[in-house]
Amino acid sequence: MRSISVFGATGSIGQNTLDLIARAPGGYRVVALTGGGNVAQLAEDARRLGAEIAVTAYEDRLEDLRTALAGTGIEAAAGAQALVEAADRPADWIMSAIVGAAGLAPGFRALRHGSTLALANKESLVTAGPLLLAEARRHAATILPVDSEHSAIFQALAGEEIGAVEKIIVTASGGGLRDWPLEALPMATVADAGAHPNWDMGQRITIDSASMFNKAMELIETKEFFGVPSDRIEAVIHPQSIVHALVGFRDGALMAHLGAPDMRHAIGYALHWPERRDLPVARIDLAQIATLEFYAPDPRRYPALGIARAVMETGGRAGCIFNAAKETALDGFLGGRIGFMDMAGVVDRVLDAMSSDFRLSDPPSDLEEVLAVDQMARERAWAAIETRETA
Ligand code: NAD
Ligand code: MG
């Protein structure tokens, strides 16, 4: 029987993953489930699926988790180190769906057992792509992309030579503020930016969709995962979110991946790969959809895309700085300290400031160095947020 662990089990991707697992009763042995503050959900899922261990990221929630699991025989643990230890428990298939750079260390550790890592945590690739892929190679582990666009690219590339790829096009819905007048964007609130027209996702990624920081991350993720040069990767707005990505080949052919906007497709593809199995996702009725639109994103509206291009061209530590500064800028926006359109300015400023600390293109040599650069970028970002507040 296949053994499975789900990191970030209480989140949007995690819950969709558990939905697929629960549909095959007795089909999987659940090793570890992890979550954050929502220990009631975590405990309920651990009971329902008969997990070996449940881990909350927060040490002050351990007692609540223990209480909720009392009498079940399911182990309870808490904290960042416990997450890494849970990743050290062998499992055949591991879902990496913690949000943010916090997903990096557990994902890294999970690769040690040479199993399959289903990677939803795009921050891992943006922050430490080359190190993560090298770790997977070292242990003969498999990484499968779970971001819908990257799953789509992976599927379009099946059986193809990467050298025959002319371009990769990642589609973007344009987010919740797509049709707002440009002048109104600086006034957008958390509630405005946190509503998505097509996808039902966690709050952070939904706001990142409105600013297109999510798409910016995905461009970098594409470069890192597929090893395609940045000038062959582009983003296009596609309001219907039916075409998830396209791969263009040297003979002019363009292979598109279409599907309903439901993350259970990409999760289920990674779960059953290399096979295809039945999945409970809606089927596309092209005649009913009738129109698929595509247009180029306006750089004034989405400055994150331009920053991502510079980051891809620089390589090295730039991705790590970009991600940490972007996560902090988002915290600043969520906390009401900066406006929606200030986030890109913060990220730009941090990249600029840190380019005088060291050569951004120098790659970090190990995970510790990545985490140190990440920490430094967060401090710089808070400083930039304060400057903006007093400006
Ligand atoms: P979410 O906010 O819904 O869930 C995040 C999960 O991570 C929760 O289980 C939460 O408890 C846990 N978590 C939060 N902070 C943590 C910390 N510091 N330490 C350990 N665990 C922590 O997020 P989501 O939308 O499910 O996204 C998860 C990941 O998948 C992100 O990297 C996101 O970019 C990526 N992703 C999500 C979608 C989507 O449709 N939701 C699509 C593509 C990629
Ligand atoms: Mg995506």
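Structural data are supplied above this passage.
Remember, it's a predicted structure, so these values are computed and weren't measured experimentally. (Residues numbered from 1 in each chain as written. Chains lettered and ligands numbered in written order. Predicted model: local features only at pLDDT ≥ 70, side-chain atom pairs only at ≥ 80, totals over all residues. Heavy atoms only, no water.)

**Q** Account for the environment of A172, with residues named and values stated.
**A** Relative to the assigned elements, A172 resides in strand β8 (residues 165-172). Here the alpha-carbon distance between A172 and I284, two residues 112 residues apart in the chain, equals 18 Å. Those residues within four positions of A172 in sequence are excluded, and the remaining contacts are M212, K215, V236, I237 and H238. (Helix = DSSP H or I, 4+ residues; strand = E, 2+ residues; numbered from the N terminus. Contact = heavy atoms within 4.5 Å.)

**Q** Before we move on, can you summarise the sheet that holds strand β6 (residues 116-119) with the specific residues and values?
**A** Pairing in this open sheet of 7 strands is parallel, and the strands run β4-β3-β2-β1-β5-β6-β7 from one edge to the other. Two strands bound the open sheet, and with one partner strand each, they are β4 (75-78) and β7 (142-145). Taking the axes of each pair of neighbouring strands and ignoring which way they run, one obtains an average angle of 20° across the sheet. Where strand β5 (residues 93-96) meets β6, 4 bridges bridge the pair, whose relative direction is parallel. From the neighbouring strand, I94 faces β6, where its bridge partner is L117. (Pairing = 2+ DSSP bridges. Axes fitted to C-alpha atoms, helices over the stretch in contact; angles between N-to-C directions.)

**Q** So what's going on with the environment of W273? Which residues, and what values?
**A** When you line up the elements, W273 lands in the loop between α11 (264-272) and α12 (286-289). Take W273: its relative accessible area is 32%, and that puts it in the partly exposed class. Considered as a pair, W273 and T116 are 157 residues apart in the sequence and their alpha carbons are 9.9 Å apart. (Buried < 20%, exposed > 50% of the residue type's maximum accessible area, 1.4 Å probe, protein only.)

**Q** How would you summarise the packing of helix α13 (residues 303-314) against helix α14 (residues 318-334) if you had to cite specific residues and measurements?
**A** Where α13 meets α14, the closest approach of the two axes is 8 Å, and the angle between their N-to-C directions is 150°. One way to sum up the angle between α13 and α14 is to call them roughly antiparallel. Between α13 and α14, the contacting residues are I307, A308, V311 and T314 on the first element and A318, G319 and F322 on the second. The residue makeup of the contact of α13 with α14, split by class, is 5 nonpolar, 2 polar and no charged. (Parallel < 35°, antiparallel > 145°, perpendicular 65-115°, else oblique. Nonpolar A, V, L, I, M, F, W, Y, C, P; charged D, E, K, R; others polar.)

**Q** How would you sum up the nonpolar core? Please name residues and give values.
**A** Counting 92 residues, the largest nonpolar core has I321, F322, F340, M343 and L351 as the members making the most contacts within it. Sort the elements by how many residues they give to this core and α14 lands first, with 9 residues. Leave out the neighbours within four places in its chain, and F340 touches L177, L185, P186, A188, A193, I207, A210, S211 and F333. Grouped together as the second largest cluster of nonpolar side chains are 36 residues, L49, L144, M263 and A270 included. (Core = buried A, V, L, I, M, F, W, Y, C linked by side-chain atoms within 4.5 Å.)

**Q** How would you sum up the site of ligand 1? Please name residues and give values.
**A** The environment of ligand 1 is formed by 24 residues, the closest being T10, S12, I13, G36 and E123. Contacts to ligand 1 include G11, whose backbone N or O atom sits 3.1 Å from an oxygen atom. Protein chains bury 85% of the 830 Å² of accessible surface belonging to ligand 1 in isolation. If you list the elements that add at least two residues to the shell around ligand 1, you get α1 (12-22) and α6 (122-138). Here the shell around ligand 1 is composed, by residue class, of 13 nonpolar, 8 polar and 3 charged. Counting only domains with at least three residues in the shell around ligand 1, you end up with domain 1 (2-145) and domain 2 (150-260 + 271-289). (Near = heavy atom within 4 Å. Polar contact = N/O pair within 3.5 Å; in protein donor to acceptor, adjacent residues only side chain to side chain. Areas by Shrake-Rupley, 256 points an atom, 1.4 Å probe, with all protein chains shown as cover. Domains from an automatic or database assignment.)

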